[in-house]
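# Summary of structural features
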Amino acid sequence: INLPNNSNILLYDTNLSNQFINFFKNHEKIQILNTRYERINLLILINSISKNGFKNLMTNYVLNYIKFTRPKLILTFNDISPNFYLLKDKIDKKIITISVQQSFRNSEEFKHFKKKVNYKVDYLLTYGKIFDQYYKKLIVYKKILHIGSFLNNLKTKKITRIRKNEILFISQFKNYLSDKEYNKHEKNLLILLKNFCDKKNINYKIIIRKQYSNSNDEESIYKDSKKIFKSNFNFIDYKNILITNVKKKDTSKKITTTYDIIDQYENILIIDSSMGFEILSRKKKLIAFPLNKYFRSKKNFFISRELNAKIFEQKLSKIISMKSKDYFKKIEDTSFLIPFDKRNKILK
C-alpha cells in the first residue's frame, strides 16, 4: 500500500532477485518489479486505472511503476521476455536497459517473439558468442558483452583436493510427467554409469536437484527429494546421492553449493544441462550425452549423440585417462567455452 522508493536500479522480474540483491549488497538502491504480479502496489495500480482506464492495464502499471521509482538503470535476468525489450521506446531515454542471459538458450525459446516488432535494449550480456545469434535476429542493441554465467561467476573457484579418478554426475531428473523422455534417458545413463564404475572400480557421486515438497521447510524438501530420487532410481547406491543448497541449522556453517562440489572433481558427466558451460569455465573435464538437439555437436569429442554401453565406456575411459591440460588444449576452439568473470566484475 506504500509507494515504492526511488531506486538507482530497477530489477525487472524476480528471476535471480535474491542473488542479485546480495551481489550488490550495500552498494546500490534496488527495487524489484514483480512482472508476474506476485505482488502488486495498490497505489500505482489505482493511479494507472484512473489515468488510462482498464485498457492495457498491466502494461500501464509497469510503466507507471518505472515513473515512480525513477531508476537510472533497468536490468533483467528474464532475457527471453519480449515485454522487457518493448520498454525502451516507452520510457525515459536516459534510462539504461540491460538484459542478462540466465540459462542455456536456443531458437525454440525465442518463438514467442513476434516478427517485425521493434525489440530494443542497450546492453545484452550473454554467456558467449555461441548464443549471440538468437538475440541478434530479433533485438536491436547498442552493445553485446560476453560475461559467462552470472551465478557461476559469483562462486569463486575453490582450491581443494581434486578427485581425479572419480566421476560426478549432475542429475536433471524432475518428478514431473512432462519429463518422461529425460527421466528415461537419465535412468539409462545411470545404469551405464553404475556398471562402468563397478567394472573399473571407480567412485561416483550424483548431485540431484531439489524436488517438489508440500513443506517450505528446507529439511523436508531435502528428505522428500532423496525419497523421490530413490523410488525412481532404486538400483543406485543410496550413499552416492548428494543434494546441495540445504540451509543448515548452525548459521555459522557455510552452505555447500553445487559449484563447491564441482570444484572437488575433475571429471563431470551431464545430459545437456546449461551447467555444462559453467563446468568447462571452471576448468573441469566435461562428458555429455545430450537429448537437446541444440546441445549436440559433432566437432566436440566430449559430446556423444549416441548412448550405448560400448560408446559410454569408450568415452569415459578416454576422458578420465586424459590429463586436464591435454583435454583443454583439444577443446580450446570450442564454442562451448564461456568466460569465467570472477565475481561478475564486467557486470558490476
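Residues numbered from 1 in each chain as written. Predicted model: local features only at pLDDT ≥ 70, side-chain atom pairs only at ≥ 80, totals over all residues. Heavy atoms only, no water.

### Section: the sheet that holds strand E6 (residues 139-146)
This is how it is decided: What makes two strands pair is DSSP finding at least two bridges between them. Strands are runs of DSSP state E lasting at least 2 residues, helices are runs of H or I lasting at least 4, and numbering of each runs from the N terminus. Between N-to-C directions, angles cover 0 to 180 degrees, with each direction set by a line fitted to C-alpha atoms, over the stretch in contact for helices. A contact between two residues is defined here by any heavy atoms of the two lying within 4.5 Å.
Taking strand neighbours across the sheet as the criterion, the six strands line up as E2-E1-E3-E4-E5-E6 in an open arrangement whose pairing is parallel. Sheet topology places strand E2 (30-33) and E6 at the edges, where each strand pairs with a single neighbour. Within the sheet, the average angular offset between the axes of one strand and its neighbour, ignoring direction, is 25°. In terms of strand pairing, strand E1 (residues 9-12) meets E2 through four bridges, oriented parallel. Its bridge partner being in E2, Leu10 is matched across the sheet by Gln31. The strands touched by helix H5 (residues 129-136) within the sheet are strand E5 (119-126) and E6, with E6 carrying the most contacts at an inclination of about 170°.

### Examining a positive patch on the surface
Heads up, the rule is: Patch membership is restricted to residues that have no salt bridge and whose relative accessible area is over 30%. Joining uses 9 Å for like charges and 5 Å for the nonpolar side chains Val, Leu, Ile, Met, Phe, Trp and Tyr. Only the protein chains shown count as cover for residues, and the accessible areas themselves come from Shrake-Rupley with a 1.4 Å probe. Salt bridges are defined by distance alone: a side-chain nitrogen of Lys or Arg within 4 Å of a carboxyl oxygen of Asp or Glu. The charged-residue count follows a simple rule in which Lys and Arg add positive charge and Asp and Glu add negative charge, with His and chain termini not counted at all. For this purpose, a charge sits on NZ of Lys, CZ of Arg, CG of Asp or CD of Glu. Working definition: with a 1.4 Å probe on protein chains only, accessible area under 20% of the residue-type maximum means buried, over 50% means exposed, and in between means partly exposed.
Residues Lys342, Arg343, Lys345 and Lys348 make up a contiguous surface patch of positive charge. Mapped onto the fold, Lys342 is located in the segment after helix H12 (324-330). Accessibility expressed as a relative area gives 37% for Lys342, which makes it partly exposed.

### A look at the packing of aromatic side chains
Worth spelling out the cut-off: Under the pairing criterion, centres of Phe, Tyr and Trp rings, with the six-membered ring standing for Trp, must be within 6.5 Å; the plane angle then separates stacked pairs below 30 degrees from edge-to-face pairs above 60, leaving the rest tilted. In our convention, an over-ring charge means Lys NZ or Arg CZ found within 6 Å of a ring centre and within 35 degrees of that ring's normal.
The final tally for this structure, using the stated rule, is 36 aromatic pairs. An angle of 55° between the planes, with centres 6.1 Å apart, marks the rings of Tyr61 and Tyr65 as tilted. Residue Tyr61 and its partner Tyr65 are located together in helix H3 (residues 57-69), separated by four residues, close to a single helical turn. By relative accessible area, which is 1% here, Tyr61 ends up buried. Taking the relative accessible area as the measure of exposure, Tyr65 reaches 7% and is therefore buried. Ring plane angle 65° and centroid distance 5.1 Å describe the contact between Phe295 and Phe336, whose orientation is recorded as edge-to-face. With Phe295 in the loop between strand E11 (285-288) and helix H11 (309-321) and Phe336 in the segment after H12, this pair connects stretches of sequence that are 41 residues apart. Assigned by exposure class, Phe295 and Phe336 land together as buried. Between Lys226 and the ring centre of Tyr238, over which it is positioned, the NZ or CZ distance is 5.4 Å. Across from the ring centre of Phe301, 4.3 Å away, lies the NZ or CZ of Lys330, which sits over that ring.

Any link to function would need more than the numbers given here.
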